[in-house]
Every structure is written in structure tokens, then in C-alpha cells.
There are 4 protein chains.
Amino acid sequence: APGDRPSQAFDWFLIGLITLNIAAVVLETVPSIHDDFAAGFHVFEIVSVALFTVEYVLRIWVAPEHASFRQYGPVGSRLRYAVSFFALIDLLAILPFYLAFLLGLDLRVLRVLRLLRFLKLMRYSAAMMTMQRVVYDERRALVAALLIMLGLLIVASTGMYYAERHAQPERFGSIPAAMWWGLATLTTVGYGDIVPVTLVGKMIGGIVMLLGLGMFALPIGILATGFTQEVKRREFVVTRS
Amino acid sequence: APGDRPSQAFDWFLIGLITLNIAAVVLETVPSIHDDFAAGFHVFEIVSVALFTVEYVLRIWVAPEHASFRQYGPVGSRLRYAVSFFALIDLLAILPFYLAFLLGLDLRVLRVLRLLRFLKLMRYSAAMMTMQRVVYDERRALVAALLIMLGLLIVASTGMYYAERHAQPERFGSIPAAMWWGLATLTTVGYGDIVPVTLVGKMIGGIVMLLGLGMFALPIGILATGFTQEVKRREFVVTRS
Amino acid sequence: APGDRPSQAFDWFLIGLITLNIAAVVLETVPSIHDDFAAGFHVFEIVSVALFTVEYVLRIWVAPEHASFRQYGPVGSRLRYAVSFFALIDLLAILPFYLAFLLGLDLRVLRVLRLLRFLKLMRYSAAMMTMQRVVYDERRALVAALLIMLGLLIVASTGMYYAERHAQPERFGSIPAAMWWGLATLTTVGYGDIVPVTLVGKMIGGIVMLLGLGMFALPIGILATGFTQEVKRREFVVTRS
Amino acid sequence: APGDRPSQAFDWFLIGLITLNIAAVVLETVPSIHDDFAAGFHVFEIVSVALFTVEYVLRIWVAPEHASFRQYGPVGSRLRYAVSFFALIDLLAILPFYLAFLLGLDLRVLRVLRLLRFLKLMRYSAAMMTMQRVVYDERRALVAALLIMLGLLIVASTGMYYAERHAQPERFGSIPAAMWWGLATLTTVGYGDIVPVTLVGKMIGGIVMLLGLGMFALPIGILATGFTQEVKRREFVVTRS
């Protein structure tokens with residue numbers, strides 16, 4: 001049953017295990033750490049897969065006890081749970097290991113797929129679901145903001161290409177090269193590895209910076225409005241019930 | 001008729017064609033790509049203009065069938081459509097090619113004008129129109145924010161010019177030179193190609209950074225409020241009808 | 001009378017004159033421009049002050065015709081106007097010139113004071129007044145956000161000082177030196193002239209970057225809420241009357 | 001009594017003293033300043049601790065006069081006040097000095113703990129409390145935003161590691177090394193000390209920049225909504241009473 005003591009301990013144990021798995025994938029790439037603990041990482045991976053498999057089987061097993069599945073009988077409820085969003089994520093977290101074991105696949109690809117275990121964390125954050133819904137509800141506006149951004153990027157990069165290509169041919173030698181500068185400037189990241197040096201280039205650069213400021217405002221305005229509406233909707237539901 | 005199967009396929013075909021056109025303009029400037037596919041780019045340009053011309057003629061042709069133009073008769077409705085916003089954009093997308101062909105103009109200028117085809121994408125995103133309306137409704141506030149920004153920029157650059165001109169005369173040798181630093185800092189782009197080195201310069205720089213943070217807030221606050229109002233207005237309309 | 005044809009032309013002429021004045025102050029510092037047009041800048045300054053003086057005298061002169069001053073009589077209304085916000089700004093825009101002329105002051109200081117003419121533009125943007133009111137209404141929240149920011153800055157800089165002072169003594173040799181890095185990071189400007197190199201320093205740096213992201217949210221959230229309330233208040237007034 | 005003349009002067013004196021204490025901790029680390037004023041800093045520290053001790057004892061002493069503690073009697077009210085949030089902060093501000101004096105601890109650690117005195121400023125800003133409440137109310141959403149950010153960071157860094165590890169083995173030699181780049185890019189700080197150089201790396205970098213833009217929007221949207229609700233709640237309370 002959800003909410004009681006052992007169930008909560010089980011949840012926290014799994015959150016810890018997932019976190020350790022992600023940390024292992026990340027740390028394994030550090031040469032010095034990999035050389036010292038290669039065997040340890042291997043054992044940890046096998047133990048993790050075993051535990052995630054037990055978790056997966058248990059969740060399939062208890063599926064008929066869920067209120068929303070009860071009506072479908074012992075087999076139907078388990079099948080219905082098995083094709084649900086979270087069950088598929090749980091399967092994706094362990095399947096690559098077994099496939100690699102059976103088919104003798106390269107372990108290098110496997111390592112990246114282990115990062116999919118991060119998705120298992122979604123089960124434990126209701127707020128993450130709310131955010132996902134806000135992003136989904138506002139997807140048209142976000143795509144439009146992205147389009148405006150791309151339009152600006154192309155215009156800015158084309159202008160900068162014509163302004164700087166003679167002064168810095170190795171840095172602004174083509175529009176795609178200028179787009180690297182354009183993205184870094186419009187998003188206000190500003191690495192500074194490529195900067196305009198001509199007067200016209202700096203004037204274009206200044207305008208692009210100001211437009212970048214405005215471009216920040218678009219997705220933020222969209223999402224802030226989305227959050228406000230989501231909150232209002234929830235309050236409306238509460239008031240009604 | 002809009003919304004049916006062939007009409008949607010037609011829309012998607014045009015969106016793809018426009019995207020390929022933009023990609024061609026961008027990629028053509030990469031020397032290695034241009035040298036290998038010069039003929040291909042030329043053929044693609046001619047085919048594109050032909051297709052856009054067919055699209056333009058067809059749209060003029062079917063104009064009398066639009067509900068909003070029907071009352072003006074076969075000639076009047078077509079003329080009225082021809083001077084509408086989207087028809088002018090469609091004309092702008094193909095006119096430079098024909099003008100260059102007839103007048104024997106330089107093809108270099110033509111290339112940049114081809115980017116105007118990007119505007120044809122606006123027809124397919126209703127959200128982009130909403131954003132445009134929000135920006136238009138809040139134009140006074142945005143201009144005021146720009147004015148405040150320019151005021152800050154001039155004060156910051158003047159201060160930095162007096163603080164750094166002896167320490168770094170080749171970088172902060174005039175107020176316009178200091179304005180390049182000022183814009184990069186106030187917009188939080190921060191290239192790092194020009195940074196203050198004196199104590200007074202760093203103190204001014206620190207204050208400018210904090211003000212830059214506040215300046216981000218102005219357009220965002222304006223546009224977020226604009227979006228919220230736009231949404232409310234639309235809901236109001238829905239509730240009424 | 002405001003709103004009629006000549007009055008609008010007068011306004012636009014003044015906006016243009018103020019803009020040219022600011023441009024003159026900025027461009028005068030470019031050595032090559034200053035050397036070529038020194039006499040021109042001098043004549044332009046004198047003509048500008050003459051025109052601004054005429055504007056000031058005229059505005060004082062017509063003060064009794066303003067609805068809000070009419071009741072105070074010809075002298076009282078002019079005195080009351082003379083101590084109003086905009087009249088003082090108009091005075092500040094010309095006073096330094098006359099003082100320098102009378103007292104024989106250094107012209108260098110005068111140049112900076114000429115930037116005060118920028119404030120004359122405030123008269124022409126109602127939205128700028130709205131923004132000022134929003135910032136004023138939210139001043140307590142903005143000061144609190146600044147305090148939180150300063151607290152974070154001091155903690156981050158102290159941590160970075162202890163992490164990096166042995167690895168980079170010439171860059172992180174004291175907490176004030178580390179604060180230059182801290183400000184550039186917390187405001188996401190990120191010049192890159194000073195960056196941590198030790199493992200502990202990079203970990204502290206990563207946390208500071210994430211906190212900087214959150215710190216952006218504070219003033220934006222405050223001002224966005226302020227704008228929303230200002231708009232609501234205005235609508236309330238409109239609905240009532 | 002709060003609000004009267006001497007009480008306000010007492011508050012401003014303490015705010016000044018706290019500010020000077022923070023400034024002393026920061027400036028003491030500058031070698032040239034420390035060498036010149038070592039004795040002065042020592043005296044100032046002793047005087048400050050003495051004054052803060054007097055403040056602490058006085059506040060404990062007058063605790064029974066507070067309306068909310070009156071019912072507990074002279075001893076009970078003082079004990080209850082002593083374990084309140086602000087009393088504990090006041091204790092933390094002086095305790096390290098006495099412990100170091102009694103136990104003969106290292107003065108280096110003491111210096112950092114002196115920064116805790118900054119927290120004493122919280123007593124004087126009601127807006128800071130509001131912000132704290134907003135952050136607390138939205139903690140679930142902020143944690144979820146942090147989780148999404150970490151997920152993006154790990155995916156971005158893993159991708160960049162595979163794209164750049166052969167081209168720049170000394171900069172992108174492991175996923176943790178790539179995470180330093182990833183954080184600087186996702187938060188739009190963009191130091192520029194580590195940037196991708198391969199084509200695939202730059203394409204991944206461009207996508208990460210755009211996602212970074214979106215990530216800014218999440219905490220801002222959350223906090224802006226939080227502020228709006230807090231303001232509404234306060235207005236509701238005002239309307240009711």
C-alpha cells in the first residue's frame with residue numbers, strides 16, 4: 001500500500017539506487033577512477049540490474065491490486081500495466097543489459113543507454129508531471145518562439161557573415177560558421193571564442209544582443225502564463241469538488 | 001478547401017520547400033559545399049522559384065472562393081487578395097529572381113533577399129501571430145524599456161571610459177569603444193574580449209552587471225503580462241460566444 | 001495646445017535635438033572624430049544650449065495655461081512649474097554650461113553633465129513613467145532580492161577564495177578579487193577572465209551557476225507581478241469611470 | 001517599544017554594525033589591507049562581539065514584554081524566545097568567538113563563521129521573509145526544475161564527451177569534465193574556457209544553448225506564479241478583515 005512506512009523506505013531506496021547508477025555512468029568515464037574500480041563498477045551494474053528486475057517483476061505482480069486496473073482480471077490488469085508509461089520506462093532501464101548479454105553487443109553503447117534509468121525518477125515527482133503538461137499545453141507557442149529565434153539567427157548570421165568575412169575569414173568564412181557566433185550571442189551564452197572586430201560587425205553584434213534579450217522574454221512569458229493557468233485550473237477543480 | 005487531406009499535404013510540401021530554400025542559402029556560403037554542388041544549387045533555385053510562382057498564381061486564382069473576399073466579385077476579390085499581407089510576402093519571395101533576370105542585377109544581393117522566403121512560414125503558425133500581436137500591443141512599454149537600457153548603456157560606458165582609458169587605451173579609448181563592453185555586460189552576454197582591470201573599473205563593472213540583471217526583468221515582465229492579458233481576452237471571447 | 005500639428009512637430013524636433021546631443025557627447029570621445037570636427041562640436045553645443053534655453057523659457061512662460069496651475073495666478077503658477085520635476089530636469093540640462101561659462105570651470109566635467117539631457121526624453125514616454133512606478137512600488141522586494149544576492153555573492157566568493165587561493169594566488173588572492181568572479185558568474189555574464197581550475201573550485205562554481213539562475217528569477221518574478229498589478233489597477237480605474 | 005525614535009536608531013546602528021562586520025571579513029583577506037590594519041581588525045572584532053553580546057542579552061531580557069510570549073511567565077517566555085529562529089541566529093553570530101576563546105580553536109575557521117552575522121540582517125527586511133515563503137511554497141516545483149536541469153546536463157555532457165573526446169582529450173576527457181562545460185552553457189554563463197571545436201560538437205552545443213534558454217524559463221515561471229499568488233493571498237486577507 002502506498003504511503004505507509006515500508007513502502008516509503010522502498011521508494012527512497014530506489015531513488016538512491018537510481019542516483020548511484022547515474023553517478024556510476026558519469027564517473028566511469030574518468031580514466032583514473034575507471035582503472036581503479038573497473039571490477040567494482042561491473043559488480044555494481046549486475047547488482048543494479050538484478051534489483052531493477054526484481055522491482056519490475058514485483059510491480060507487474062501487484063498490478064491487479066491497483067484500483068484503476070482491478071476490473072480487468074489478474075491477466076488483463078498485468079498486461080495493461082505492462083504497456084503503461086512507467087512500466088515501459090522500467091523495462092527500458094533493464095532491457096539493454098539482457099539484450100547485450102544474449103546478443104553479445106558492444107558494451108560501449110550500453111553505457112549510454114543506462115542513462116535512461118534517469119527517467120525512472122519521474123515517478124517520484126508530481127511537479128515534474130505538471131511541468132511536462134505546461135510545456136505540452138504551450139507547445140505551439142514554444143515552437144513559434146523557436147521559429148522566430150531561428151529566423152533571427154539566420155538574419156543575424158547572414159549579416160555578420162557579410163560584415164566580417166573579409167576581416168576574419170577563418171572565423172566567419174560561411175553562414176554556418178557565423179551561426180555558431182549567432183547562437184552564442186542570441187542565447188546570451190557569449191563564449192567569446194568568436195567575436196566581431198569590424199565597426200559594422202560590432203554594430204550588428206550590439207543589435208543582436210538586444211534582440212537576444214527580447215528573445216529570452218518570449219519563452220519565459222509563455223511558460224509563466226502557462227504555469228499561472230495551470231495553477232488557476234487546479235484551484236478551480238478544488239473549488240468545485 | 002482548408003483542413004482536408006490534399007490541402008494539408010500541400011501545406012507540408014510548401015513548409016518543406018521553404019525550409020530547404022533557407023538551408024540552401026545558408027549552406028551555399030560554405031566554400032567546400034558551394035564548389036561541389038554549384039550546379040545543383042542553381043537548378044534547385046530555379047525549380048523553387050517556379051513552384052513558388054505556381055503557388056502564388058494559384059492563391060490569386062482561388063481568392064474569390066474565400067468567404068471574406070466573395071462579395072467583391074472575381075476581379076475585385078483577386079486584387080484585394082493581391083495587396084494583402086501574405087500575398088505581398090509571397091510576391092517578395094519570387095520578385096527579386098525575376099527582377100535580377102530582367103535587369104541583369106548582381107546575384108550576390110539576390111542571395112540575401114532569398115531569406116525573405118522565411119516570412120512565408122508565418123502563414124502556418126497561429127501562435128506566431130499571437131506573439132506578434134503581444135509585441136505590438138506592448139510596443140510602447142518595450143520602446144520605453146529600450147530607452148532605459150540605452151540610458152544605462154551610455155552612463156555605464158561613459159563611467160567605464162573615464163575609469164579605464166589610461167589603463168587600457170587601446171580597448172577603452174572612446175565611449176563608443178566602451179559601449180561594446182557595456183552592451184556585452186548589460187545583456188549578460190559577456191564575451192570577455194574586453195574587461196575592466198582597474199579597481200574603479202571593476203566596481204563600475206559589478207554595478208553594471210547587477211543593473212543588467214534588472215534590465216532582463218523589464219522586457220520579460222512586460223511580455224509575460226502581455227501574454228497573460230492576451231490569454232484572458234481569448235478566454236473572455238470563448239465564454240461569451 | 002498639446003496634440004495639434006505644430007505642437008507635435010515641436011516635440012519631434014526636441015527629441016531629435018536631445019538624441020543628437022547624446023550622440024555628440026559619445027562621438028566626441030573618439031580621437032579621430034574629435035580632431036576633425038572639434039569646431040563643429042563646439043558650435044553644435046552652443047546652438048543646442050541656446051535652443052534648450054528658449055524651450056525652458058517658453059515652457060515657464062506658458063505655465064499659467066496648464067489646467068493644473070491656472071488657479072495660482074501668473075506668478076504663482078510659473079514658480080510652481082519651475083520647481084516641478086520636468087522643469088528641474090530642463091534646468092539641469094542647461095545650467096552646467098552657464099555655470100562653467102561664468103565660473104570658468106573645467107570643460108571635462110561639463111561633458112559628462114551633458115548626459116543629463118537624456119532625462120529630458122522621459123517627458124515623451126508615458127510607459128517609462130509606468131515602469132518607474134512599478135520599480136518604486138516593488139522597491140522593498142527589489143532591495144530584499146539585492147540583499148539575498150549580496151549574501152550569496154559573499155558566501156560564494158569566500159568559498160572560492162579558500163578553494164582556489166593556492167592554485168591561482170594572482171587571481172583568487174583575496175575575497176574582493178574572488179567577488180569579481182562571483183558577480184560575473186551569479187549574473188551569468190561569465191567573462192571567463194577568471195575561472196576556477198581545481199576540482200573543489202569547479203564544484204563550487206557549478207553550484208553558484210545554478211544559484212545564479214535562481215537569482216535571475218527573483219527580480220523578474222517581482223517585476224512581472226508588479227506589471228500585472230499595475231495593469232489590473234488601470235483596468236479597474238477604467239471600469240469604474 | 002518598536003517604531004519609536006530610539007528603537008529605530010538602535011536598529012539602524014545594528015544594521016550598520018553588521019554591514020561593517022561583513023566588510024571587515026571580506027577586506028581582511030586583502031594582503032595589503034590586512035598587513036596595515038591587523039590590530040584594527042582585531043579590536044573591531046572584539047568590540048563587535050561585545051556589542052552583539054549586549055544586543056543578545058537585552059533581547060532575551062525584554063522577551064517577556066512581547067505580546068506573543070507574555071503568557072509564559074518571566075522564565076518561560078525568555079526560554080521560548082531563546083530557541084526562536086532569530087535568537088538562535090543572534091547566538092550563532094557570537095558563539096564561535098567564545099568557543100574559540102575557551103577551546104583555543106584555529107582563528108581561520110572562525111573567520112568564515114563570522115559571515116553568519118549576515119543572517120542577522122533578515123530581521124530587518126519583511127520582503128525577504130515573503131521571498132523565503134514563496135521559495136518554500138514552490139519548493140517541489142523548484143526541485144523538479146533542478147531535476148530536469150540535471151537530466152539535461154547529464155545528457156548534454158555525455159553527448160559532448162563522445163563528440164569531442166578525440167579532438168580535445170585534455171578538455172573533454174571524461175563526462176565530469178564535460179559537465180563543467182555543460183553547466184556553463186545551460187546556465188548561459190559561457191566562460192569560454194572550454195568550447196567545442198568539432199562540427200558534431202558545435203551542433204550539440206547549439207541545441208544545448210537553446211535548451212538552456214528554455215531552462216531559464218522554468219524557475220522564472222514558477223517563481224513569478226508564486227509571487228502573484230502570494231500577492232493575491234495577501235489582498236484576500238486585506239479584503240476579509
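Residues numbered from 1 in each chain as written. Chains lettered and ligands numbered in written order. Predicted model: local features only at pLDDT ≥ 70, side-chain atom pairs only at ≥ 80, totals over all residues. Heavy atoms only, no water.

Peer 1: Which residues make up the overall build of chain A, and what are the values?
Peer 2: What chain A contains, in helices and strands, is 9 helices and 0 strands. Traced from its N-terminal end to its C-terminal end, chain A shows the element sequence α-α-α-α-α-α-α-α-α. With the C-alpha coordinates of chain A rotated into their principal frame, the extents come out at 70 × 60 × 30 Å. In chain A, the proportion of contacts linking residues at least 24 apart, taken out of those at least 6 apart, comes to 66%. Approximately 12,500 Å² of chain A is accessible, and the part contributed by carbon and sulfur atoms is 71%. Within chain A, the 17 negative side-chain charges are centred at a point lying 8 Å from the centre of the 21 positive side-chain charges. (Helix = DSSP H or I, 4+ residues; strand = E, 2+ residues; numbered from the N terminus. Contact = heavy atoms within 4.5 Å. Areas by Shrake-Rupley, 256 points an atom, 1.4 Å probe, with all protein chains shown as cover. Lys, Arg positive; Asp, Glu negative; His and termini not counted. Charge placed at Lys NZ, Arg CZ, Asp CG, Glu CD.)

Peer 1: Tell me about the relation of the copies chain C and chain D, residues and numbers included.
Peer 2: Mapping chain C onto chain D calls for a rotation angle of 90° and an axial translation of 0.0 Å; the resulting RMSD is 0.1 Å. One copy is carried onto the other by what is essentially a four-fold rotation axis. (Least-squares fit on C-alpha atoms with pLDDT ≥ 70 in both.)

Peer 1: Can you lay out the side chain of T198(B) for me, pointing to particular residues and giving the numbers?
Peer 2: All names here are of chain B. Relative to the elements of secondary structure, T198 occurs in the loop between helix 8 (175-186) and helix 9 (199-240). In terms of polar contacts, T198 uses its side chain to reach the side chain of E164, at 2.6 Å. Residues within four places of T198 in sequence aside, it is in contact with A163, E164 and A167. (Polar contact = N/O pair within 3.5 Å; in protein donor to acceptor, adjacent residues only side chain to side chain.)

Peer 1: A description of the packing of aromatic side chains should follow, citing residues and the corresponding values.
Peer 2: Applying the stated rule across the entire model yields 20 aromatic pairs over all chains. Cation over ring: R139(C) sits above Y136(C), and NZ or CZ is 4.1 Å from the ring centre. Cation over ring: R78(D) sits above W61(D), and NZ or CZ is 4.7 Å from the ring centre. (Phe/Tyr/Trp six-rings, centres within 6.5 Å; stacked < 30°, edge-to-face > 60°. Lys NZ or Arg CZ within 6 Å of the ring centre and 35° of its normal.)

Peer 1: Now, about the pattern of salt bridges: what can you tell me, with residues and values included?
Peer 2: All names here are of chain A. With the rule as written, the count across this model stands at 32 salt bridges over all chains. Across the pair E45 and R114 runs a salt bridge whose closest N-O atoms are separated by 3.4 Å. Of the two residues, E45 sits in helix 2 (residues 31-62) while R114 sits in the loop between helix 5 (107-113) and helix 6 (126-137), which places them 69 residues apart along the sequence. A residue is classified by how much of its surface remains accessible, and E45, at 7% relative accessible area, is buried. (Salt bridge = Lys/Arg side-chain N within 4 Å of Asp/Glu carboxyl O. Buried < 20%, exposed > 50% of the residue type's maximum accessible area, 1.4 Å probe, protein only.)

Peer 1: Residues and numbers for the domain arrangement of chain A, please.
Peer 2: Per the domain assignment, the segments making up chain A are domain 1 (5-124) and domain 2 (139-240). Using C-alpha coordinates to define each centre, domain 1 of chain A is positioned 38 Å away from domain 2 of chain A. (Domains from an automatic or database assignment.)

Peer 1: Go over helix 2 of chain A, please, and point to the residues and values.
Peer 2: Residue and element names in this part refer to chain A. The sharpest bend along helix 2 reaches about 80° and sits at F37. What helix 2 keeps buried is the set F41, E45, S48, V49, F52, T53, E55, Y56, R59 and I60. Of the surrounding elements, those touching the buried residues of helix 2 are helix 1 (5-28), helix 3 (73-82) and helix 4 (85-103). (Bend = angle between axes of the 7 residues up to and from the residue.)

Peer 1: Describe the interface of chain C and chain D, naming the residues involved and giving the relevant values.
Peer 2: With 42 residues of chain C in contact, the opposing surface of chain D contributes 38 residues. At the boundary of chain C with chain D, total buried surface from both sides reaches about 3,400 Å², with 79% on carbon and sulfur atoms. Remark: the boundary between chain C and chain D carries 0 salt bridges. Taken together, the connections running from chain C to chain D amount to 3 residue pairs in polar contact (both at pLDDT 80 or more). Sorting the residues of the side of chain C that touches chain D by element identifies helix 7 (139-164), helix 8 (175-186) and helix 9 (199-240) of chain C as the ones contributing at least two each. Counting residues per element, the side of chain C that touches chain D draws most heavily on helix 9 of chain C, which supplies 15 residues. (Buried area = accessible area lost by both parts, 1.4 Å probe.)

Peer 1: How would you explain helix 4 (residues 85-103) of chain D if you had to name every residue and give the values?
Peer 2: All names here are of chain D. Here helix 4 spans 26 Å end to end across 19 residues, near enough to the 27 Å set by a 1.5 Å rise per residue. Largest kink in helix 4: about 35°, centred on I94, with the proline P96 one to four residues after it. Taken as a whole, helix 4 has its buried residues at F86, A87, I89, D90, A93, I94, P96, F97 and A100. Just downstream of helix 4, G104 is the residue with a positive phi angle, here 65°. (Expected span 1.5 Å × (residues − 1).)

Peer 1: Now, about the environment of A141(D): what can you tell me, with residues and values included?
Peer 2: Relative to the helices and strands, A141(D) is located in helix 7 (residues 139-164). Along the sequence, A141(D) and E164(D) sit 23 residues apart, while their C-alpha atoms lie 34 Å from each other.

Peer 1: Describe the packing of helix 1 of chain A against helix 2 of chain A, with residues and values.
Peer 2: Residues and elements named next belong to chain A. In the contact formed by helix 1 and helix 2, the axes pass within 10 Å of each other and the chain directions differ by 145°. Regarding helix 1 and helix 2, the two cross each other, and that crossing is left-handed. Contacts between helix 1 and helix 2 involve F10, F13, L14, L17, I18, L20, N21, A24, L27 and E28 from the first element and I33, H34, F41, F44, E45, S48, L51, F52, E55 and R59 from the second. A breakdown of the residues in the contact of helix 1 with helix 2 according to their chemical character gives 13 nonpolar, 3 polar and 4 charged. (Axes fitted to C-alpha atoms, helices over the stretch in contact; angles between N-to-C directions. Left-handed = near helix turned anticlockwise from the far one by under 90°. Nonpolar A, V, L, I, M, F, W, Y, C, P; charged D, E, K, R; others polar.)

Peer 1: So what's going on with unusual backbone geometry? Residues and values would help.
Peer 2: One non-glycine residue, T188(A), lies in positive phi territory at about 60°. Here T188(A) shows up in the loop between helix 8 (175-186) and helix 9 (199-240).

Peer 1: Provide a residue-level description of the side chain of S48(B), including the pertinent values.
Peer 2: Within the element layout of this structure, S48(B) appears in helix 2 (residues 31-62). When sequence neighbours within four positions are dropped, the list of residues in contact with S48(B) reads L17(B) and N21(B).

Peer 1: Which residues make up a nonpolar patch on the surface, and what values do they have?
Peer 2: On the surface, L95(A), L99(A), F101(A), L102(A) and L103(A) cluster together to form a nonpolar patch covering roughly 570 Å² of accessible area. Relative to the helices and strands, F101(A) is located in helix 4. (Patch = residues over 30% accessible without salt bridge, like charges linked within 9 Å, V, L, I, M, F, W, Y side chains within 5 Å.)

Peer 1: Could you give an account of a positive patch on the surface, with specific residues and numbers?
Peer 2: A surface patch of positive charge is lined by K232(A), K232(B), K232(C) and K232(D). Among the secondary structure elements, K232(A) is positioned in helix 9. K232(A) sits in the partly exposed class, given a relative accessible area of 41%.

Peer 1: If you had to explain the packing of helix 2 (residues 31-61) of chain D against helix 4 of chain D to someone new, which residues and values would you point to?
Peer 2: Residue and element names in this part refer to chain D. As a packed pair, helix 2 and helix 4 sit with axes 10 Å apart at the nearest point and diverge in direction by 145°. Crossing hand, helix 2 versus helix 4: left-handed. Contact residues: E45, I46, V49, F52, T53, E55, Y56 and R59 in helix 2; A87, D90, L91, I94, F97 and Y98 in helix 4. Residues belonging to the contact of helix 2 with helix 4 are distributed by class as follows: 9 nonpolar, 1 polar and 4 charged.

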